[in-house]
Amino acid sequence: MIYLFLLLIVASIFACIRYKRPLFLTVPFAGILLVMIVQISMVPMGFFETIRFIFSLR
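Here's a quick rundown of the structure. Remember, it's a predicted structure, so these values are computed and weren't measured experimentally.

## Focus: a nonpolar patch on the surface
Where nonpolar side chains cluster on the molecular surface, the patch consists of Ile2, Tyr3, Leu6, Ile9, Ile13, Ile17 and Leu25 and spans about 720 Å² of accessible area. Take Ile17: it is sitting in helix H1 (residues 2-19). A residue is classified by how much of its surface remains accessible, and Ile17, at 61% relative accessible area, is exposed.

Below, the structure is given as structure tokens:
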């Protein structure tokens, strides 16, 4: 999984430099956010209950 993210980061930096579009630098952040949402949705509790549980941890 870490190699996939490293490949995504390198590809987005390459695309940013090649096409001169800084928007490509948001792709790794969107990928991490997507993985977090998928991991949260895999918890057997409800989605919002899981979110409340995560943010109630201290």
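Now that the structure has been shown, the text picks up again.
## Structural notes on the packing of aromatic side chains
In this structure the tally under the stated criterion is two aromatic pairs. Ring centres of Tyr19 and Phe24 lie 6.0 Å apart, and the angle between their planes is 45°; on these two criteria the pair is classed as tilted. Classification of Phe24 as partly exposed rests on a relative accessible area of 30%. Judged by centre distance (5.6 Å) and plane angle (80°), the rings of Phe47 and Phe48 are edge-to-face.

What counts and how
Residues numbered from 1 in each chain as written. Predicted model: local features only at pLDDT ≥ 70, side-chain atom pairs only at ≥ 80, totals over all residues. Heavy atoms only, no water. Patch = residues over 30% accessible without salt bridge, like charges linked within 9 Å, V, L, I, M, F, W, Y side chains within 5 Å. Areas by Shrake-Rupley, 256 points an atom, 1.4 Å probe, with all protein chains shown as cover. Salt bridge = Lys/Arg side-chain N within 4 Å of Asp/Glu carboxyl O. Helix = DSSP H or I, 4+ residues; strand = E, 2+ residues; numbered from the N terminus. Buried < 20%, exposed > 50% of the residue type's maximum accessible area, 1.4 Å probe, protein only. Phe/Tyr/Trp six-rings, centres within 6.5 Å; stacked < 30°, edge-to-face > 60°.

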